[in-house]
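Structural overview
In case you want the letters, here they are:
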Amino acid sequence: MIKTILIDDEPLARSITREYLQAHAADIAVVAECNDGFEGIKAIAHHKPDLIFLDIQMPKINGFEMLELLEQPPAVIFTTAFDEYAMKAFEAHAIDYLLKPFSRERFDKALEKWMQQRGHADKSTQQAAILREEIRQPEERTRVVVREGGNIRIIPVQDIHYVEAYDDYVKIYTAKEMFLKKKTMSFYEQSLDPAQFIRVHRSYMIQLTQLTRIEPLEKDTHVALLKSGVRIPLSKAGYSKLKSVLGI
Amino acid sequence: MPADPVSTVKIATYKLALAYAGWWVLLITIETYALLTSFDLRWQAALADAVTINLLLAAAGHAMHNALKYYSPGAKNSLSMLVWSVGLAALCVFIHRCFMRYAFADDIVYLDYMEGSYIIRGLFSWLMIALMSLMSWMWYYMQDQRASEKREQDAQKMAREAELASLRQQLQPHFLFNSLNSISALAGTRPEEARKMIQQLSDFLRGTVRRDDQQLVTLEEELKHLQLYLDIEKVRFGHRLRTEVQHDTTAPALRLPSLLLQPIVENAIKFGLYDTTGEITIRINAATRDGQLLLSVENPFDPTTAQPRRGTGFGLNSVQRRLYLLYARNDLLTTEQQETEENPRFITHVKIPQTA
């Protein structure tokens, strides 16, 4: 039996997915319905579903952010009213999406596509594919969500001072705290506003407004001094990038 | 401003031609009188001299005027204007001289006077032609200026109207598609409710397309339209969304730009629904103060995670812009955050001046 979870903040929107799924009741069981991403994370941890139907615009954290917080995300079919243009951004990924309102035929097609892919590849490679693809939301990122113990924290991007690479993780530093997140530097380099965050080193990215001074360290090497007093090493490329952004 | 610019130009040209003729008649009279009293000429010779040279100058002036019509003078061709005016002056003096020598060949006193004065005459002719050129240049320049001013005004007016229209018609596609999705869901299990929602959505859409940009509507009408919107949102979010609409006794008769309130409420609902997870109450209040209509829309928010930009998101920006275009004021829309411990609220205030 395939286990699935429906995550959407509109009960009526979930009811249509449930209705369409009844035709497949012999193979697929809806094990949970969730109103938001928080409930979604809990339900996924509890039920370990094979497939989830996920809305994008939801309270507190959106569908993309919820996926980011999962260690091992299940297969996803997005159900959204986002326009087609915005969804083009991840059309190339192996994941399907259903534009609301969608027909039964379109729904069955998405399900069939997933079933076929599932038959070809085993679960772990599929999940690896999702992780590697680093699904990014089509709109500009204004906040970062992180897990902190059992809690989920939402950090507005303007509160981030700098980001540091740390093995398979990145450390995200705010004024008082540090958060670990299982992502790569290039993921943040691509998803944060490049006018606001500058990759100044292989392992460091700083928020431009936090910079107070650039100091020479030795011959040909420099460090960036942040308002908080933290010194960040600059690579040669990082130094020249910083200079060109600052127009000096 | 007269309605028809073409006829005003015609009238102006006709008056100008009369003034031009009058000016030359006056000059001819003065010159004839001066020649008679200063040089003891015969009146025939004096009159013929003044008439000939001034007619020639009038023709030259007219020629310059026409030339300027097609070659608008700038710094570049001011030299060519100088050459032309000098050439025309010389030509006038030359023709005058030939004609007078032929017509008054036996008048020794006149010929004597003419031979002695032609340098002065040339200089005077050039000054007259230069003066006329300058005057027609100014005339064209002013016309040009006036035309471009009018063009600019027209363009601004059109841009303003287009902008107002687009600001008013901004219907969020998200809202439409999600509503259609709700209808689709209802159609399977509760067809009567689906039909009702189609009705509500149609009435709402009709209300947004029918209205005129600049039109002011009463608050009562605007609230009726808003209720359609709220009813639809309640089908989608009935499990979380509560709304309260309050107004004093005089407010419903006051006027406001049509479709102004709905985007503010839409913004508040979105902000409230997506920034918190519990049940939310949106409060809409309308009051009369000092003859002005005061509107306020309240939604809950989470001060620890709310985006600072979010409060002045797209919905409010377009409302602010619309108020500016209609009233030329930027202080009519304000926002306020009440960060109380138990009930943090985001409030949007709008002041609508009541004109006549």
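Residues numbered from 1 in each chain as written. Chains lettered and ligands numbered in written order. Predicted model: local features only at pLDDT ≥ 70, side-chain atom pairs only at ≥ 80, totals over all residues.

Observations concerning the overall build of chain B
Helices and strands together make up the secondary structure of chain B, namely nine helices and seven strands. Evaluated residue by residue, chain B yields a buried proportion of 28% over its 356 residues. (Helix = DSSP H or I, 4+ residues; strand = E, 2+ residues; numbered from the N terminus. Buried ≥ 20, exposed ≤ 12 C-beta atoms within 10 Å, placed from the backbone.)

Remarks on the overall build of chain A
A count of helices and strands for chain A gives eight helices and 15 strands. Across the 248 residues in chain A, those meeting the buried criterion constitute 31%.

Digging into the nonpolar core
Side chains of a nonpolar character, in soluble globular proteins, are inclined to be buried together. If you look at the biggest cluster of nonpolar residues, it comprises 90 residues, and the most contacted ones within it are A:Val200, A:Met205, A:Ile206, B:Ile264, B:Val265 and B:Leu293. Considering each element in turn, this core owes the most residues, eight residues, to helix H7 (residues 219-237) of chain B. When neighbours within four sequence positions are excluded, B:Val265 is seen to be in contact with B:Leu226, B:Ile282, B:Ile284 and B:Val297. The next biggest cluster of nonpolar side chains, apart from the first, holds 21 residues, and it includes B:Ala46, B:Ala48, B:Trp126 and B:Met128. (Core = buried A, V, L, I, M, F, W, Y, C linked by C-beta atoms within 7 Å. Contact = placed C-beta atoms within 7 Å.)

Description of the sheet that holds strand E4 (residues 280-289) of chain B
Sheets are built from strands that pair by backbone hydrogen bonding, the pairs being arranged parallel or antiparallel. All names here are of chain B. Pairing is mixed in the open sheet, where five strands are placed in the order E2-E4-E5-E7-E6. Bordering the open sheet on either side are strand E2 (241-247) and strand E6 (333-338), each of which pairs with just one other strand. Put simply, the sheet's adjacent strands are angled 15 degrees from each other on average, direction ignored. Where E6 meets strand E7 (residues 345-352), six bridges bridge the pair, whose relative direction is antiparallel. Considered in E7, the bridge of glutamine 337 is made with phenylalanine 346. The strands touched by H7 are E2, E4 and strand E5 (292-300); relative to E2, the strand with the most contacts, the crossing angle is about 170 degrees. Running at roughly 20 degrees to E5, helix H8 (residues 261-275) makes contact with E2, E4, E5 and E7 of the sheet. (Pairing = 2+ DSSP bridges. Axes fitted to C-alpha atoms, helices over the stretch in contact; angles between N-to-C directions.)

Some thoughts on the interface of chain A and chain B
Contacts between the two partners involve 20 residues from chain A, matched on the other side by 20 residues from chain B. Residue assignment for the side of chain A that touches chain B shows that the elements contributing at least two residues are helix H1 (11-22) and strand E7 (151-156) of chain A. Among the elements that make up the side of chain A that touches chain B, the one with the highest residue count is H1(A) (six residues).

Focus on the pairing of strand E8 (residues 162-166) of chain A
Residue and element names in this part refer to chain A. Both E8 and strand E9 (residues 169-173) contribute to a ladder of five bridges, which runs antiparallel. Residue pairing across strands places valine 163 opposite isoleucine 172, the latter belonging to E9. Two successive antiparallel strands, E8 and E9, enclose a turn made up of two residues, where aspartate 167 displays a positive phi of approximately 50 degrees.

Here's the deal with the packing of helix H2 (residues 43-70) of chain B against helix H3 (residues 78-103) of chain B
Residue and element names in this part refer to chain B. Remark: H2 packs on H3, axes separated minimally by 10 Å, with the N-to-C direction vectors making an angle of 150 degrees. Judged on the interaxial angle alone, H3 and H2 are roughly antiparallel. Pair H2 / H3 crosses with right-handed handedness. Across the interface between the two elements, Ala48, Asp49, Thr52, Ile53, Leu56, Leu57, Ala60, Ala63 and Met64 from H2 touch Ser85, Leu88, Cys92, Ile95, His96, Phe99, Met100 and Ala103 from H3. (Parallel < 35°, antiparallel > 145°, perpendicular 65-115°, else oblique. Left-handed = near helix turned anticlockwise from the far one by under 90°.)

What to know about the pairing of strand E2 (residues 28-34) of chain A
Residue and element names in this part refer to chain A. As judged from the six bridges shared by strand E1 (residues 2-7) and E2, these two strands associate in the parallel manner. Bridge assignment links threonine 4 to a residue of E2, and that residue is valine 30. In this region the chain leaves E1, passes through H1 and returns to the parallel neighbour E2; the handedness of that crossover is right-handed. (Right-handed = clockwise from strand over helix to strand, strands pointing away.)

Quick notes on the sheet that holds E8(A)
All names here are of chain A. Reading across the sheet, the five strands line up as E10-E9-E8-E12-E11 and stay open at both edges, with antiparallel pairing between neighbours. Since the sheet does not close on itself, it has two edges, and those belong to strand E10 (178-181) and strand E11 (197-201), each with one partner. On average, each strand axis in the sheet is tilted by 25 degrees relative to the strand beside it, whichever way the strands run. When E8 meets strand E12 (residues 204-207), the two strands line up antiparallel, connected through three bridges. Paired with glutamate 164 across the strands is tyrosine 204, a residue of E12.

Regarding the UniProt feature "transmembrane region" (unreviewed entry) in chain B
Residue and element names in this part refer to chain B. Residues given the UniProt feature "transmembrane region" (unreviewed entry) here are residues 12-35, 41-60, 81-103 and 123-142. Taken as a whole, residues 12-35 contains 100% helix and 0% strand, while its terminal C-alpha atoms sit 34 Å from one another. Annotated as 100% helix and 0% strand, the span residues 81-103 places its first and last C-alpha atoms 33 Å apart. (UniProt positions renumbered as here; feature names shortened; annotations may be inferred.)

Comments concerning unusual backbone geometry
Residues and elements named next belong to chain A. Omega for the bond connecting lysine 100 with proline 101 falls within 30 degrees of zero, at -10 degrees, which places this linkage in the cis form. Among the secondary structure elements, proline 101 is positioned in the loop between strand E5 (96-99) and helix H5 (104-120). Even without being glycine, lysine 60 reaches a positive phi, approximately 60 degrees. Unlike most non-glycine residues, aspartate 167 shows phi in positive territory, near 50 degrees. Among the residues examined, aspartate 167 registers 7 C-beta atoms within 10 Å and is labelled exposed.

Considering the confidence of the model for chain B
Chain-level statistics for chain B give a pLDDT mean of 86 and a share of 90% at 70 or above. The complex prediction reports pTM at 0.68, with the ipTM value standing at 0.76. (pLDDT = per-residue confidence, 0-100.)

Notes on helix H5 (residues 173-189) of chain B
Since the α-helix advances by 3.6 residues per turn, residues separated by three or four positions end up pointing in the same direction. Compared with the 24 Å implied by 1.5 Å per residue over 17 residues, the 25 Å span of H5(B) between its first and last C-alpha is a close match. Among the residues making up H5(B), those that are buried are B:Asn178, B:Ser179, B:Asn181, B:Ser182, B:Ile183, B:Ala185 and B:Leu186. (Expected span 1.5 Å × (residues − 1).)

A short note on H8(B)
Its 15 residues place the ends of H8(B) 21 Å apart at the C-alpha level, agreeing with the 21 Å of an ideal helix rising 1.5 Å per residue. Among the 15 residues of H8(B), 13 are classified as buried, and the element is accordingly described as predominantly covered.

Focus on the environment of B:Leu171
Residues and elements named next belong to chain B. The topology assignment puts leucine 171 in the loop between helix H4 (108-168) and H5. On the neighbour-count criterion, leucine 171 (16 C-beta atoms within 10 Å) is partly exposed. Sequence separation between leucine 171 and valine 209 is 38 residues, and the spatial gap between their C-alpha atoms is 10.0 Å. Among residues more than four places away in sequence, those in contact with leucine 171 are Leu176 and Thr208.

Some remarks on the packing of H1(A) against H5(B)
H5(B) packs onto H1(A) with a crossing angle of 50 degrees between their chain directions and a minimal axis gap of 8 Å. As summarised for this structure, H1(A) and H5(B) are arranged oblique, according to the angle between their axes. Every pair of crossing elements has a handedness; the one defined by H1(A) and H5(B) is left-handed. Between H1(A), through A:Leu12, A:Ala13, A:Ser15, A:Ile16 and A:Glu19, and H5(B), the contact on the second element is made entirely by B:Asn181, B:Ser182, B:Ser184, B:Ala185, B:Leu186 and B:Gly188. Looking at the contact of H1(A) with H5(B) residue by residue, the class counts come to five nonpolar, five polar and one charged. (Nonpolar A, V, L, I, M, F, W, Y, C, P; charged D, E, K, R; others polar.)

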